[in-house]
Amino acid sequence: MKGKKVYVVSARGGKYAGTPNDSQTPFLTTFLGFLGMTDVNFIYAEGLNMGQDAASAALASAREAIAAA
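Predicted model only: the values in this text are computed from it and were never measured. (Residues numbered from 1 in each chain as written. Predicted model: local features only at pLDDT ≥ 70, side-chain atom pairs only at ≥ 80, totals over all residues. Heavy atoms only, no water.)

1. What to know about the overall build of the protein
Tallying secondary structure elements over the protein gives two helices and two strands in all. Element order for the protein, N to C, with α for helix and β for strand: β-α-β-α. Counting all 69 residues of the protein, 26% fall into the buried class. Sequence separation of 24 or more characterises 63% of the internal contacts of the protein that already satisfy a separation of 6 or more. When the accessible surface of the protein is split by element, carbon and sulfur atoms take 58% of a total near 4800 Å². Counting 6 positive and 5 negative side-chain charges, the protein places the centres of these two groups 10 Å from one another. (Helix = DSSP H or I, 4+ residues; strand = E, 2+ residues; numbered from the N terminus. Buried < 20%, exposed > 50% of the residue type's maximum accessible area, 1.4 Å probe, protein only. Contact = heavy atoms within 4.5 Å. Areas by Shrake-Rupley, 256 points an atom, 1.4 Å probe, with all protein chains shown as cover. Lys, Arg positive; Asp, Glu negative; His and termini not counted. Charge placed at Lys NZ, Arg CZ, Asp CG, Glu CD.)

See below:
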């Protein structure tokens, strides 16, 4: 598994990336690193439970990040 590029796409109701409440990102980074996958890229759709405008913006941002990857 070494040398593989990994994309993790995560949908969340709140906004957690880069905060102490983000337990998902460090866990997956450690777990995938244990398997030899160290080139890990996270794409987030966050704030999906924060109203329709926030959800639409989050999905649009995630789609842009996927297209750029």
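Having seen the model, we can carry on.
2. Some words on the pattern of salt bridges
Oppositely charged side chains can pair when the atoms bearing their charge come close. This structure, assessed with the given rule, holds three salt bridges. The salt bridge involving lysine 5 is made with aspartate 39; its shortest N-O contact spans 3.3 Å. Here aspartate 39 lies in strand β2 (residues 39–45) and lysine 5 lies in strand β1 (residues 5–11), a separation of 34 residues in the sequence. Glutamate 46 is the salt-bridge partner of arginine 12, the closest N and O atoms lying 2.8 Å from each other. Pair noted here: arginine 12 is in the loop between β1 and α1 (24–34) and glutamate 46 is in the loop between β2 and α2 (52–68), with a separation of 34 residues, a long-range link. There is no split in this pair, since arginine 12 and glutamate 46 are both buried. (Salt bridge = Lys/Arg side-chain N within 4 Å of Asp/Glu carboxyl O.)

3. Let's talk about α2
Between its first and last C-alpha, α2 extends 24 Å over 17 residues, near the 24 Å set by a 1.5 Å rise per residue. Inspection of α2 places Ala55, Ala58 and Ala62 among the buried residues, and these make up the whole buried set. On an axial view of α2, the arc spanned by its buried residues comes to 65°, and they lie on one face. Along α2, exposed side chains directed more than 90 degrees from the buried face belong to Gln52, Asp53, Arg63, Glu64, Ala67 and Ala68. Looking at the buried residues of α2, the elements they touch are β2. (Expected span 1.5 Å × (residues − 1). Arc of directions from axis to C-beta.)

4. Remarks on the packing of aromatic side chains
Summed over all chains, the structure comprises two aromatic pairs. Ring plane angle 10° and centroid distance 6.1 Å describe the contact between phenylalanine 27 and phenylalanine 31, whose orientation is recorded as stacked. Pair noted here: phenylalanine 27 and phenylalanine 31 are both in helix α1, with a separation of four residues, about one helical turn. (Phe/Tyr/Trp six-rings, centres within 6.5 Å; stacked < 30°, edge-to-face > 60°.)

5. Some remarks on the pairing of β1
A one-sided burial pattern is seen for β1, the buried positions being Val6, Val8 and Ser10 and the unburied ones Lys5, Tyr7, Val9 and Ala11. As for the winding sense of the linkage, the β-α-β connection from β1 through α1 to β2 is right-handed. (Right-handed = clockwise from strand over helix to strand, strands pointing away.)

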